[in-house]
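Chain and residue survey
For reference, the chains in residue letters:
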Amino acid sequence: PKAVTSNELFGHMTKTKEWKDGVLSTIMRDQTKNQGVYKASHVHKWIILDGDIDPEWIESLNTVMDDNKMLTLVSNERIPLTPAMRLLFEVSNLKNATPATVSRGGVLFINESDVGWKPYMESWIDSFVEKFKDEDGRASEVISKIADNARSVFYFCFDQYIDGSILEQIHAFQTIVPTMDISMIQTICTILSALVTPDDMPTLRELKEEEQKTLFEAYFIYAAMWAIGGPLVEEDKYKSFNIFWRNTAKVKFPEGSICFDFFYDIKTKNWVHWTDTVEAYEPLDQLFVNIIVP
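Residues numbered from 1 in each chain as written. Predicted model: local features only at pLDDT ≥ 70, side-chain atom pairs only at ≥ 80, totals over all residues. Heavy atoms only, no water.

1. A closer look at the pattern of salt bridges
Throughout the structure, instances matching the rule amount to ten salt bridges. With a closest N to O distance of 3.2 Å, E211 and K269 form a salt bridge. Taken together, the residues span a long stretch of sequence, with E211 in helix α12 (residues 209-229) and K269 in the loop between β7 (262-265) and β8 (270-273) at a distance of 58 residues. Note on E211: relative accessible area 27%, which makes it partly exposed. One network of salt bridges, with partners in common, ties together D21, R29 and E77. (Salt bridge = Lys/Arg side-chain N within 4 Å of Asp/Glu carboxyl O. Helix = DSSP H or I, 4+ residues; strand = E, 2+ residues; numbered from the N terminus. Buried < 20%, exposed > 50% of the residue type's maximum accessible area, 1.4 Å probe, protein only.)

What follows is the structure, given as structure tokens:
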């Protein structure tokens, strides 16, 4: 909600006295009337509002959250909150929330250390190995073996490179912005999902079991390197973290450059320097103002 103004969120009257809908008013109307992507058969229709609770916009939702369950707009339109509709606020704190707002909603406090990142990791691994199956949900014996290798290696890597004392050392590095553990894990999983694609299946089939495991571990090292080292301040990133990650990684980086300069190539089965792949930039022979970067 804080990404837009209050008018853009709920709607407003223009200078010509015309009504212009807002983001939230449009979504709630569609959910109430079962328009667009929403259907009457949907058991629950969720609206998730992520960010700080500010009186500037949350006060307009007080009538939605109390017994009235009605969003009243400036245009005098009233949009009801039906039994199937749900409002979910994801906030880091309630510093700016008024008692009137807090009393109207149920508060669920989830400590990061209580739930942790492992449920997300386990869910992602289960979904990751599903990509190895065909459209019928089946996989050949060879593909099943590759999926099992990926599962075992990633479980090992999360335990070896992230959990326990390693995580404490990671927390010691200084980041540019505050970074939560779950964000780091999500980044690792996202990068791994992008690295291993169905197009890699023919190459993976040709690799021996140990080569497959080395590949998956190298991919994890690469993903974790950027997930952990990416948000670090420059001094930590290029000095202390580089030494730490080189010593931690089981699939060793080549010497002569920092770890961020390499990626693991599935074809050569080795770390490759980015300069060997990315062509050198050659300035265009024209005025700077005429250069368009797509």
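Now, onward.
2. Some words on the packing of helix α7 (residues 118-130) against helix α10 (residues 181-195)
Look at α7 against α10: their axes get within 10 Å of each other, and the N-to-C directions meet at 10 degrees. Relative to α10, α7 is oriented roughly parallel. Between α7 and α10, the residues in contact are Y120, M121, W124 and F128 and I182, I185, Q186, C189, L192 and S193, respectively. By residue class, the composition of the contact of α7 with α10 is eight nonpolar, two polar and no charged. (Axes fitted to C-alpha atoms, helices over the stretch in contact; angles between N-to-C directions. Parallel < 35°, antiparallel > 145°, perpendicular 65-115°, else oblique. Contact = heavy atoms within 4.5 Å. Nonpolar A, V, L, I, M, F, W, Y, C, P; charged D, E, K, R; others polar.)

3. Looking at the environment of G51
Note on placement: G51 falls in the loop between β3 (45-50) and α3 (55-58). Residues G51 and I292 lie 241 residues apart in sequence; the distance between their C-alpha atoms is 35 Å. Apart from the residues within four sequence positions on either side, G51 is in contact with E90 and V91.

4. Considerations on the nonpolar core
Core analysis: the largest hydrophobic core is formed by 57 residues, its most contacted members being F132, F158, I162, I188, L204, F220 and W245. For this core, the leading source of residues is α12, giving twelve residues. Among residues more than four places away in sequence, those in contact with F158 are W117, M121, I125, D163, I185, I188, C189 and F220. (Core = buried A, V, L, I, M, F, W, Y, C linked by side-chain atoms within 4.5 Å.)

5. Things to note about helix α13 (residues 234-248)
Taking 1.5 Å per residue as the helical rise, α13 with its 15 residues ought to reach 21 Å, and the 20 Å between its terminal C-alpha atoms agrees with that figure. F241 marks the point of greatest bend in α13, at about 45 degrees. Here the buried face of α13 lies against α8 (141-162), α9 (165-171), α12 and β7. (Expected span 1.5 Å × (residues − 1). Bend = angle between axes of the 7 residues up to and from the residue.)

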